[in-house]
Amino acid sequence: MDDVKTYLQVNQADANLSFGISRMEDIHEKRKGQPDAPHRHDFYTILIIKEGDGTHQIDFNSYQITANQVYFIGPGQVHQLNEKKKSIGYSLVFAEQFLTLNNISSHFIADINLFHGFEDTPPLLLDAVSISQLEAYAEQIHTQYVSDKPFKFEAIGALLKLLLITAHRHCTLHRLDTQTMASGGTLLRNFKKMIDEEHLRWHHTTSYAEALNISPDHLNRVVKSLTGKTAKEHLQSRITLAAKHLLFFTGLSTKEIAYKLGFSEPSNFSAFFKKCTGLSPKTFRKKV
């Protein structure tokens with residue numbers, strides 16, 4: 001059993017709300033400066049940090065919190081914010097339902113390439129002018145959110161899309177150009193979705209290529225051109241992350257984890273994990 005805390009609703013008091021926004025300083029005050037336990041959300045999270053200091057753990061990667069950062073955390077990612085001082089900025093959360101209600105397609109979210117799911121999730125680093133742009137959108141969203149104006153959530157949906165487009169344009173991470181996206185974007189989306197669904201059963205990229213009705217070489221060529229990583233590296237990242245979650249958040253033995261992840265022998269799992277992380281499963285469990 002995975003013991004990590006999971007938030008299923010954007011608003012714990014009202015299941016009908018699929019969007020929320022808070023000032024980060026208010027969250028800090030509410031928690032009296034104490035970090036939340038490592039947790040995951042069943043929705044999207046954006047943290048706009050104008051000022052801050054500390055660390056942000058996302059899926060076992062640690063990032064230094066500094067000024068002028070934006071974090072994009074996708075559904076299912078485990079994270080924990082440890083602030084040395086009160087952060088200044090905004091936290092925005094929204095579910096798939098909110099995107100649907102505002103005619104924002106899942107393809108748009110995939111194509112802006114900001115929410116990386118099981119991949120590394122470094123913050124977007126901006127200059128003072130650029131962070132002010134995003135902060136201005138967030139301030140407008142917050143003003144709408146606390147108001148009683150008609151169609152306020154429609155206005156928030158429009159502003160959120162503008163915020164995401166602006167962040168995408170500032171993005172210094174691997175970005176997909178229009179021509180490349182037109183030719184391979186759908187394939188990449190389908191491949192990554194399939195990895196999420198099948199990584200416990202299929203450990204070889206040939207299985208995914210066969211399911212997608214393409215050759216393994218074509219799959220690898222398209223995925224690498226779009227992301228800079230091979231199809232095999234994406235698959236290994238997903239399996240490794242699942243293994244880390246089970247090693248850290250459960251008391252399952254290495255043997256039980258191996259079988260749960262679809263390995264025929266525990267020794268195969270141990271060899272795979274050490275090859276991908278440089279540590280044996282037992283050593284990883286002791287270190288974290």
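Residues numbered from 1 in each chain as written. Predicted model: local features only at pLDDT ≥ 70, side-chain atom pairs only at ≥ 80, totals over all residues. Heavy atoms only, no water.

(A) Up close: the pattern of salt bridges. All chains considered together, the criterion is met by eight salt bridges. Here Arg23 makes a salt bridge to Glu139, at a shortest N to O gap of 3.3 Å. In this pair, Arg23 is assigned in strand S2 (residues 19-23) and Glu139 in helix H4 (residues 128-145), connecting sequence segments 116 residues apart. The closest approach of N and O atoms between Glu197 and Lys193, which form a salt bridge, is 2.6 Å. Placement of the pair is Glu197 and Lys193 together in helix H6 (residues 178-198), with a separation of four residues, close to one helical turn. (Salt bridge = Lys/Arg side-chain N within 4 Å of Asp/Glu carboxyl O. Helix = DSSP H or I, 4+ residues; strand = E, 2+ residues; numbered from the N terminus.)

(B) Here's a closer look at the packing of H4 against helix H5 (residues 152-170). Running from N to C, H4 and H5 cross one another at 170 degrees; their axes reach a closest spacing of 9 Å. Relative to H5, H4 is oriented roughly antiparallel. Contacts between H4 and H5 involve Ser130, Gln133, Leu134, Tyr137, Ala138, Gln140, Ile141, Gln144 and Tyr145 from the first element and Lys152, Phe153, Ala155, Ile156, Leu159, Leu160, Leu162, Leu163, Thr166, Ala167 and His170 from the second. Grouping the amino acids of the contact of H4 with H5 by side-chain chemistry returns 13 nonpolar, six polar and one charged. (Axes fitted to C-alpha atoms, helices over the stretch in contact; angles between N-to-C directions. Parallel < 35°, antiparallel > 145°, perpendicular 65-115°, else oblique. Contact = heavy atoms within 4.5 Å. Nonpolar A, V, L, I, M, F, W, Y, C, P; charged D, E, K, R; others polar.)

(C) Fine view of the packing of aromatic side chains. Under the definition given, this model contains 18 aromatic pairs. Aromatic side chains Phe19 and Tyr145 sit 6.0 Å apart centroid to centroid with 65 degrees between the ring planes, which places their arrangement in the edge-to-face category. With Phe19 in strand S2 and Tyr145 in helix H4, this residue pair connects regions lying 126 residues apart in the sequence. Accessibility assignment for this pair places Phe19 and Tyr145 in one class, buried. On the basis of an interplanar angle of 85 degrees and a centroid distance of 5.7 Å, the ring pair of Phe60 and Phe248 is categorised as edge-to-face. Linking Phe60 in the loop between strand S5 (54-58) and strand S6 (61-65) with Phe248 in helix H9 (residues 231-249), this pair joins segments that are 188 residues apart in sequence. Exposure remark for Phe248: the relative accessible area of 35% places this residue in the partly exposed category. Taken together, the aromatic side chains of Phe60, Phe248, Phe249, Phe263, Phe269, Phe272, Phe273 and Phe284 make up a single cluster linked through ring pairs. The ring of Tyr145 is capped by Lys152, whose NZ or CZ atom sits 5.7 Å from the centre of that ring. (Phe/Tyr/Trp six-rings, centres within 6.5 Å; stacked < 30°, edge-to-face > 60°. Buried < 20%, exposed > 50% of the residue type's maximum accessible area, 1.4 Å probe, protein only. Lys NZ or Arg CZ within 6 Å of the ring centre and 35° of its normal.)

(D) A look at the side chain of His245. Mapped onto the elements of the fold, His245 is located in helix H9. The contacts of His245, once residues within four sequence positions are left out, are Arg40, Asp59, Phe60, Gly76, Val78 and Thr250.

(E) Quick peek at the sheet that holds strand S4 (residues 44-51). With antiparallel pairing, five strands are arranged side by side in an open sheet as S2-S9-S4-S7-S10. Taken across any chain shown, the strands that pair with only one partner, and hence form the sheet edges, are S2 and strand S10 (124-125). Across seven bridges, S4 lies against strand S9 (residues 88-94) in antiparallel orientation. Paired with Ile46 across the bridge in S9 is Leu92. Helix-sheet contacts for H4 involve S2, S4, strand S7 (69-73) and S9, and the interaxial angle to S2 is about 115 degrees. The sheet contacts of H5 involve S2, S4, S7, S9 and S10, and relative to S4 the element is tilted by about 65 degrees. (Pairing = 2+ DSSP bridges.)

(F) Spatial organisation of the nonpolar core. In terms of nonpolar packing, the biggest core is built from 33 residues, with Phe19, Ile46, Leu92 and Leu164 touching the most fellow members. Looking at this core, the elements with two or more residues in it are S2, S4, S7, S9, helix H2 (96-101), helix H3 (106-111), H4 and H5. Contact partners of Ile46, with chain neighbours within four places excluded, come to Val70, Tyr71, Phe72, Tyr90, Ser91, Leu92, Phe94, Phe115, Leu160, Leu163 and Leu164. Phe191, Ile195, Val222 and Phe284 belong to the second largest nonpolar core, which has 30 residues in total. (Core = buried A, V, L, I, M, F, W, Y, C linked by side-chain atoms within 4.5 Å.)

(G) Structural view of the sheet that holds S5. Spatial strand order, S1-S3-S8-S5-S6: five strands in an open sheet with mixed pairing. Looking along the sheet, the strands with just one partner apiece sit at the ends: strand S1 (5-7) and S6. Mean inter-strand twist for the sheet, computed between neighbouring axes without regard to direction, equals 30 degrees. The pairing of S1 with strand S3 (residues 39-41) spans three bridges and is parallel. Across the sheet, residue Tyr7 finds its bridge partner in S3, namely His41.

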